[in-house]
Amino acid sequence: MRQPWLKQNSLLQLAEQVLKNFDANEGDPGKFPAIAQSEHMIVWLVDGMGSAVLERSVSVNLLPNLSVNRSWLKFHAVQSVFPTTTATALATLAFAAPPAVHGALGYTIFLPARNRRVNLLTSCDERNEPVVVRDLYPDLENVFSRLARHHVRSAVVGPDLYRHSPLSHWLYRDARYAGYRNQIEIPGIVSGLLSQGTRYIFVYSPDFDRAAHASGIESFPAENALVEWDNVFGSAVRLWRTVPSVTLLVTADHGMVDLHRSQVITQAEPAASALWNHLWAGERRNLYTVLPAHSLSALKEHGAQVLQQSDLWDSGWYGGPPSIREFRSRVLNTAIMLPAGMQFAMDGAQDPPVMLAAHGGITEPEWHIPLIAGSW
């Protein structure tokens, strides 16, 4: 079975490399591709653009601006975190800490203080009621604060829509948030920040992930999102390369797999019917349940892997033992991980019952993400 190894070549090490670049790390960052040290560093995260998505997009010429710059870029394969979902990955990068420490342990988690399932992206529970922030997000020092202690100015460039969300406040506290309404604004915003002495800039682009969820990885909306990102990338490189001593790192939070309408485990499926009458959290490709693993053997006939959460904790899937005891309850007792192409139909309260692409599971396309590095 695929098992994460967070201490080597993962998003956790990428965060440590950012700190190392500015002499702000507190220990050995671990094995990671060599990155040139520079006065400025830009980490550009393209949501959902895993290595498999990138390779296919280059092969069918969706990314001509990226391709034309290959001569001075280095391409590496690194890995996401577990689970392979946005909230978990963004928190790992923001805090330079594994999921076991920051507690963002999935798309949704079970929150004992609320006795309900909570969506970590919206900070709302299963009834769409806001959750008290202190119950959801632990008080941790993030990368931006650690850099500030070393007199390094930092900023986040992301959609203006996310500027005031509780998740953004938790992740990006102590960093300036520069919002954009259209990603074509990214090159100019970053250029302005560099001219103002900002040395570390984190850029977030979510468009591909959203389009692929709704329409599929190879759909026109998803491919168009990649084409539009590539156009912005081309403009950005031409503008930013006028600034000396910059390292640019392009990566993703996770990859994605296409899902099939014929491979949906519905709430009426006999093998899964008990799930919905008991506490559950997680997501459509990696569901958490309070039920014990031995009671879910029928799901294995669908190719599911049914694992005890205690074994995942002990084996290091979350990056170590929980820093707060309550974190164990957030993922309940059992994880049900589905093979490529399959999903659980959601309840429809916060998500569409069926999506055409998703992540959160443990297949290679979900695990493997690119690291594209360039320095000038």
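First, a word on scope: everything that follows refers to the structure included in this document. (Residues numbered from 1 in each chain as written. Predicted model: local features only at pLDDT ≥ 70, side-chain atom pairs only at ≥ 80, totals over all residues. Heavy atoms only, no water.)

## Topic: helix α1 (residues 11-21)
The buried fraction of α1 is high, at ten of eleven residues. What α1 keeps buried is the set L11, L12, Q13, L14, A15, E16, Q17, V18, L19 and N21. Remark: D23 follows α1 within two positions and exhibits a positive phi of approximately 55°. (Buried < 20%, exposed > 50% of the residue type's maximum accessible area, 1.4 Å probe, protein only. Helix = DSSP H or I, 4+ residues; strand = E, 2+ residues; numbered from the N terminus.)

## Quick look at the side chain of H213
In this fold, H213 is placed in helix α10 (residues 207-215). Among the residues examined, H213 registers a relative accessible area of 15% and is labelled buried. Among the polar contacts listed, one links the side chain of H213 to the side chain of H359, at a separation of 3.2 Å. Leave out the neighbours within four places in its chain, and H213 touches M256, M355, L356, A357, A358 and H359. (Polar contact = N/O pair within 3.5 Å; in protein donor to acceptor, adjacent residues only side chain to side chain. Contact = heavy atoms within 4.5 Å.)

## What about the sheet that holds strand β3 (residues 108-111)?
Strand pairing in a sheet is mediated by backbone hydrogen bonds. Such pairs are either parallel or antiparallel. Across the sheet, three strands lie side by side as β3-β4-β5; this open sheet has antiparallel pairing. Each having just a single partner strand, β3 and β5 (124-125) make up the two edges of the open sheet. As paired elements, β3 and strand β4 (residues 116-119) share four bridges and run antiparallel to each other. Bridging across to β4, T108 finds its partner in N119. (Pairing = 2+ DSSP bridges.)

## Considerations on the environment of A335
Relative to the helices and strands, A335 is located in strand β15 (residues 334-337). Under the relative-accessibility criterion, A335 is labelled buried at 0%. For the pair A335 and Y137, spaced 198 residues apart in sequence, the C-alpha separation works out to 22 Å.

## Thoughts on the nonpolar core
With 113 residues, the main nonpolar core has W44, V157, Y200 and F202 as its most contacted residues. Examining the composition of this core, we find that nine residues originate from one element, helix α11 (residues 220-240), more than from any other. When residues no more than four places from it in sequence are discounted, the contact partners of V157 are A178, Y180, I186, I189, V190, L193, I201, F202, V203 and Y204. Core analysis: the next-biggest nonpolar cluster, separate from the first, contains 18 residues, A271, L275, L296 and M342 among them. (Core = buried A, V, L, I, M, F, W, Y, C linked by side-chain atoms within 4.5 Å.)

## Structural notes on empty space enclosed by the protein
One pass over the structure, following the stated rule, counts five cavities of 30 Å³ or more. Of the volumes computed, that of the largest cavity is approximately 80 Å³. Lining of the largest cavity is provided by eleven residues; of these, R117, W280, D347, Q350 and D351 occupy positions nearest its centre. Of the residues contributing to the lining of the largest cavity, the split by class is four nonpolar, three polar and four charged. (1 Å grid on protein atoms, 1.4 Å probe; cavity = no way out; pocket = protein on both sides within 12 Å on 5 of 7 lines; lining within 4 Å. Points joined across faces, edges and corners; volume = space filled by probe spheres on them. Nonpolar A, V, L, I, M, F, W, Y, C, P; charged D, E, K, R; others polar.)

## A few points about the sheet that holds strand β18 (residues 368-375)
Spatially, seven strands are ordered β2-β18-β9-β1-β8-β6-β7 in an open sheet, and the strand pairing comes out mixed. Two strands lie at the open edges of the sheet, namely β2 (74-79) and β7 (176-180), each paired on one side alone. Strand after strand, the sheet turns through a mean of 20° between neighbouring axes, direction not considered. Pairing of β2 with β18, which is carried by six bridges, proceeds in the antiparallel orientation. When the sheet's bridge partners are listed, A77 is paired in β18 with P370. Together, β2 and β18 form the strand contacts of helix α2 (residues 51-59), whose direction differs from that of β18 by roughly 65°. In this fold helix α4 (residues 86-95) packs onto β1 (40-46) and β8 (200-205), with an angle of close to 175° to the strand it touches most, β8. (Axes fitted to C-alpha atoms, helices over the stretch in contact; angles between N-to-C directions.)

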